[in-house]
Amino acid sequence: MSRLLDKIDSPADLKTLKAKELKQLAGEIRKELVARVTDNGGHLASNLGVVELTIALHRVFDSPKDKIIWDVGHQSYTHKLLTGRRDKFKTLRQYGGLSGFTCRDESQHDPFGTGHASTSVSAALGMAKARDLSGDDYSVVAIIGDGATTGGMALEAFNNVAQLGSKMIVVLNDNGMSIAPTVGALAKLFSKVRFDRRYYRASEESKRLFGILPLGKKIWQLGEKIKNGFKGFVMPTVFWEEVGFAYMGPFDGHNIAEMEKALEKARDYSHKPTLVHVITQKGRGYTPAEGNAVYFHGVPPKSDGTKLAPTYSEVFARTMLHLARRDPNLVVITPAMPEGNCLSIVQAEFPERVFDVGICEQHAVTVAAGLATQGYKPVVAIYSTFLQRSFDQIIHDVCTQNLPVVFAIDRGGIVGDDGKTHQGTLDLSYLTLVPNLTVAAPKDENELQHLLYTALEAKQPMAVRYPRSAGVGVNMDEELHQIPIGSGEVLNQGDDVAILAIGATVAPAMEAAKELAENNIKAMVINSRFAKPLDAELINGIALSIKNIVTVEENTVNGGFGSSVLALLQRSGISDVNIKNIGIPDEFVEHGSQAILRAKYKLDAAGIAEETSNLLSGSGSDFLINTEFKNC
Ligand SMILES: Cc1ncc(C[n+]2csc(CCOP(=O)(O)OP(=O)(O)O)c2C)c(N)n1
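Along each chain, residue indices are assigned from 1 in the same order as the chain's sequence is written. Given that the model is predicted, a residue must reach a pLDDT of at least 70 before its local features are reported, and side-chain atom pairs must reach 80 or more before they are shown or counted; all residues, however, enter totals for whole chains, interfaces and linings. Where side-chain values are given, they derive from all heavy atoms of the structure, hydrogens and water being excluded.

## Comments concerning the overall build of the protein
Item 1. Runs of E in the DSSP output that reach at least two residues are strands. Runs of H or I that reach at least four are helices, and both are numbered from the N terminus. Assigned secondary structure in the protein consists of 25 helices and 20 strands.
Item 2. Radius of gyration: over C-alpha atoms. The globule rule applied is 2.2 Å multiplied by the number of residues raised to the 0.38 power. Computed over the C-alpha atoms, the radius of gyration of the protein is 27 Å, within 12% of the 26 Å expected from 2.2 N^0.38 for a compact globule of 632 residues.
Item 3. Referenced to the eigenvectors of the C-alpha coordinate spread, the extents of the protein come out at roughly 85 × 55 × 50 Å.
Item 4. Evaluated residue by residue, the protein yields a buried proportion of 59% over its 632 residues.
Item 5. In this analysis, two residues are considered to be in contact whenever any of their non-hydrogen atoms come within 4.5 Å of each other. Put simply, 78% of the contacts in the protein that link residues at least 6 apart link residues at least 24 apart.
Item 6. Here, Shrake-Rupley sampling with a 1.4 Å probe gives the accessible areas, and only protein chains in the shown set may cover a residue. For the protein, the exposed area adds up to about 25200 Å²; of that, 53% sits on carbon and sulfur atoms.
Item 7. All tallies of charge rest on Lys and Arg as positive and Asp and Glu as negative; His and the ends of each chain are not included. For charged residues, the charge sits on one atom: NZ in Lys, CZ in Arg, CG in Asp, CD in Glu. Taking the average place of the 66 positive charges on the side chains of the protein and the average place of its 73 negative ones, the gap between the two points comes to 9 Å. Working definition: with a 1.4 Å probe on protein chains only, accessible area under 20% of the residue-type maximum means buried, over 50% means exposed, and in between means partly exposed.

Written as structure tokens, this is what we have:
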């Protein structure tokens with residue numbers, strides 16, 4: 001039987017379907033989601049939860065004229081399938097294929113690019129204001145999860161929406177889950193609605209009343225009365241209406257007809273910001289994901305089953321557990337990513353010393369600063385891309401006060417399939433410019449544990465940045481030791497060229513040296529280990545005798561490790577050195593496998609060997625440090 005889905009080329013094709021056909025379509029979409037995501041990897045449970053909501057939205061609103069903005073965008077796969085991207089869906093998250101998030105370059109139905117949480121309401125408010133200023137007429141709808149409402153930006157946006165009062169709709173997609181169960185006071189408020197049967201009865205009554213009243217204004221007036229009448233237990237209504245939203249709900253997020261009715265009313269009658277509260281089930285319709293929404297939030301691509309070394313994230317968590325047993329002052333803070341950071345083993349043994357603070361990276365860093373003032377040893381476990389949110393907190397709350405906070409930065413460098421909103425390729429640059437902050441990146445998983453220990457003993461802020469991947473497969477030392485801050489090490493001797501690598505690029509640099517040796521090029525390889533402070537003595541010493549230097553980093557070349565090496569040599573007055581900086585050029589890195597992207601940017605062994613040979617043959621130098629430049 002041919003699929004209904006294959007006949008949906010744009011949202012207009014949805015509008016003629018009957019209720020029974022919509023049900024069939026939802027089933028077909030779920031099959032497509034499960035098949036594609038279990039192959040390509042991606043966000044499964046969140047997408048399965050919004051199939052009906054997405055259908056209802058596209059039947060009620062008229063995209064792209066009306067603006068539909070998905071928060072994070074990780075749950076936009078059905079939206080993609082229904083907005084002309086069905087044929088490309090097999091390329092989801094693959095190099096050159098569809099992004100795993102919404103993206104303005106990809107479709108006119110994606111009015112805003114997303115990837116980081118809690119931005120949708122702000123973006124929607126901007127669009128609504130632009131509409132009002134231009135005298136246009138279209139609807140603006142932001143869909144935000146209960147998890148994303150924990151983010152400070154979302155709360156700032158709600159506050160401002162209420163103040164500006166522009167007509168817009170916020171759909172609260174409430175499934176009780178962030179990646180882990182949603183934490184915090186707002187989550188408690190939402191769960192009250194989800195589980196309090198009296199509330200459902202009250203809301204059934206309000207829905208009936210909304211249904212028979214002819215005019216929007218009266219609806220909201222009556223809403224006020226209902227709200228006040230049930231005040232004792234209708235708290236969420238009170239909350240949203242007190243902050244300036246008309247509140248509708250909660251609605252069954254798997255009942256298309258019910259949601260359509262609610263969305264139509266919000267679209268047609270409301271003259272102020274409206275919050276439509278829908279209750280959905282994460283993983284809906286796929287038993288394994290319904291049973292374990294946390295695991296199925298994001299699934300990896302199909303693998304060939306090869307057993308790899310432990311991941312850096314696992315080694316981080318094991319090290320935390322080991323050190324937490326020895327040191328009662330060690331505490332770990334995670335902004336809503338306990339699974340990604342493998343923290344469950346630490347949570348299980350020390351639940352009181354692991355804090356999931358919600359999707360609140362800025363808050364996470366300042367909480368850590370507060371803990372540090374009282375003699376605790378806080379470790380902020382965070383992905384590189386999300387740490388960008390906390391730049392001011394790193395500077396103002398941690399580093400100006402020189403507080404001993406450890407930043408354990410996962411997913412540093414190229415992360416792969418999640419694409420440009422998630423690559424961790426800026427951190428060495430934005431961290432090395434902050435005074436008092438030491439910045440390190442281990443060459444392998446064994447060095448990671450020693451650097452974490454070093455950071456905890458450092459009595460000053462220190463960041464340890466490591467990649468999203470399995471470790472190199474080295475033996476793990478039983479005893480931890482401190483690594484002198486600012487010390488690099490020579491891993492391979494050679495006098496034709498020196499390759500200064502850092503972090504995940506050290507292993508391919510060693511392989512590159514072997515390839516070069518086959519062509520009689522003797523390459524010294526340095527594990528630089530610290531992006532700040534640099535091992536000035538080692539680097540200057542090398543540059544005095546080896547006049548060809550290659551730096552390698554999985555980071556932008558702008559202001560990164562290589563730039564720091566250049567600045568050091570210039571400051572030291574060392575002349576006549578040919579230098580090549582290998583790293584990410586001044587661009588955002590698309591999605592694709594880590595292997596493809598590393599090859600593209602010459603960050604794998606073959607690329608490093610090629611760029612090194614080019615430097616030696618005189619065709620590949622970025623810079624020539626010489627005396628004329630010395631005093632610039
Ligand atoms: C700033 C930021 N921090 C962390 C994440 C990682 N992340 C992606 S989705 C997600 C959970 C979002 O929960 P919710 O908004 O409730 O959506 P659901 O997946 O439950 O539908 C998190 C923490 C992110 N995308 N952005």
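## Overview of the sheet that holds strand S4 (residues 169-174)
Item 1. Two strands qualify as a pair provided DSSP detects at least 2 bridges between them. The strand order S2-S3-S4-S6-S5 describes an open sheet built from five strands, whose pairing is parallel. Both outer strands of the open sheet, strand S2 (67-70) and strand S5 (246-252), are each paired with one neighbouring strand and no more. Across this sheet, the average inter-strand angle for adjacent strands is 20°, counted without regard to direction.
Item 2. Across four bridges, S2 lies against strand S3 (residues 140-145) in parallel orientation. Interaxial angles span 0 to 180 degrees and are taken between N-to-C directions of axes, which are lines fitted to C-alpha atoms, for helices over the stretch in contact.

## Section: the pairing of strand S18 (residues 548-556)
Item 1. Of all nine residues in S18, nine are buried, a share of seventy percent or more.
Item 2. Across four bridges, the pairing between strand S15 (residues 497-501) and S18 is parallel. Bridged to Ile499 within S18 is Val550.
Item 3. Here S18 runs beside strand S19 (residues 577-584); their pairing, made up of six bridges, is parallel. Bridge pairing links Ile549 to Ile579 in S19.

## Examining unusual backbone geometry
Item 1. A cis amide bond links Gly249 to the next residue, Pro250, at an omega of 0°.
Item 2. Going from Lys532 to Pro533, the amide bond is cis rather than trans, its omega being -5°.
Item 3. Structurally, Pro533 is set in the loop between strand S17 (530-532) and helix H21 (536-545).
Item 4. One non-glycine residue, Val72, lies in positive phi territory at about 65°.
Item 5. Along the polypeptide, Val72 turns up in the loop between S2 and helix H4 (77-82).
Item 6. Val72 sits in the buried class, given a relative accessible area of 14%.
Item 7. Of note in this structure, Arg93 is not a glycine but carries a positive phi near 65°.
Item 8. Within the element layout of this structure, Arg93 appears in the loop between H4 and helix H5 (120-134).
Item 9. Relative accessible area serves as the criterion here: at 5%, Arg93 is assigned to the buried category.

## Examining the site of the ligand
Item 1. In the neighbourhood of the ligand, 23 residues make up the surrounding shell, with His74, Ala117, Gly147, Met177 and Glu361 lying closest.
Item 2. Polar contact is defined as a pair of N or O atoms within 3.5 Å, subject to the rule that within protein one atom must be able to donate a hydrogen and the other to accept it, and that residues adjacent in sequence are counted only when both atoms are side-chain atoms. Ser46 is positioned such that a nitrogen or oxygen atom in its side chain is 2.9 Å from an oxygen atom of the ligand.
Item 3. Alone, the ligand offers 580 Å² of accessible surface; in the complex the protein occludes 98% of this.
Item 4. Residues were grouped as follows: Ala, Val, Leu, Ile, Met, Phe, Trp, Tyr, Cys and Pro as nonpolar; Asp, Glu, Lys and Arg as charged; and all remaining residues, including Gly, as polar. Class assignment of the residues belonging to the shell around the ligand gives a composition of nine nonpolar, 10 polar and four charged.
Item 5. Of the domains in this structure, domain 1 (19-288) and domain 2 (312-465) are the two that each give at least three residues to the shell around the ligand. One heavy atom suffices: a residue is near a molecule or strand as soon as one of its heavy atoms comes within 4 Å of it. Segment limits for the domains were obtained from an automatic or database-derived domain assignment.

## Some words on the pattern of salt bridges
Item 1. A pairing counts as a salt bridge when a side-chain nitrogen of Lys or Arg comes within 4 Å of a carboxyl oxygen of Asp or Glu. Per the counting criterion, the structure on display carries 31 salt bridges.
Item 2. Across the pair Asp6 and Arg3 runs a salt bridge, and its minimum N-O distance is 2.9 Å.
Item 3. With its nearest N and O atoms 3.0 Å apart, the salt bridge here joins Lys302 to Asp39. Here Asp39 lies in helix H1 (residues 19-40) and Lys302 lies in the loop between strand S7 (298-299) and helix H13 (312-326), a separation of 263 residues in the sequence.
Item 4. By sharing partners, the salt bridges in this structure join Arg3, Asp6, Asp9, Glu32, Arg86 and Asp87 into a single network.

## Some thoughts on the domain arrangement of the protein
Item 1. The domains assigned to the protein are domain 1 (19-288), domain 2 (312-465) and domain 3 (490-630).
Item 2. Opposite the 19 residues of domain 1 that make contact, domain 2 presents 18 residues.
Item 3. Counting across the interface, domain 1 meets domain 2 through three salt bridges.
Item 4. Here Asp418 and Arg93 are joined by a salt bridge, their closest N and O atoms 2.6 Å apart.
Item 5. Along the contact surface separating domain 1 from domain 2 lie five residue pairs in polar contact (both at pLDDT 80 or more).

## Thoughts on the sheet that holds strand S11 (residues 406-410)
Item 1. Here we have seven strands laid out as an open sheet, ordered S9-S8-S10-S11-S13-S12-S17, and mixed in their pairing. Across the chains shown, the open sheet's two edge strands, defined by having one partner strand only, are strand S9 (354-356) and S17. Adjacent strand axes in the sheet meet at a mean angle of 20°, parallel and antiparallel pairs treated alike.
Item 2. Relative to strand S13 (residues 462-465), S11 is paired through four bridges, and the arrangement is parallel. Across the sheet, the residue bridging to Phe407 is Ala463, located in S13.
Item 3. Against the sheet, helix H15 (residues 361-373) contacts strand S8 (330-334), S9, strand S10 (377-383) and S11, and its axis sits at roughly 165° relative to S10.

## A few points about the packing of H5 against helix H6 (residues 152-164)
Two quantities define a packed helix pair, namely the angle between the helix axes and the distance between the axes.
Item 1. Following both chains from N to C, one finds H5 and H6 inclined at 25°, their axes separated by 8 Å at the closest point. One element, H5, and the other, H6, form an angle in the roughly parallel class. For the pair H5 and H6, contact is made by Val121, Ser122, Leu125 and Lys129 and by Met153, Ala157, Phe158, Asn160, Val161 and Leu164, respectively.
Item 2. Residue classes in the contact of H5 with H6 are distributed as seven nonpolar, two polar and one charged. To sort the angles, those under 35 degrees are grouped as roughly parallel, those over 145 as roughly antiparallel, those from 65 to 115 as roughly perpendicular, and the leftovers as oblique.

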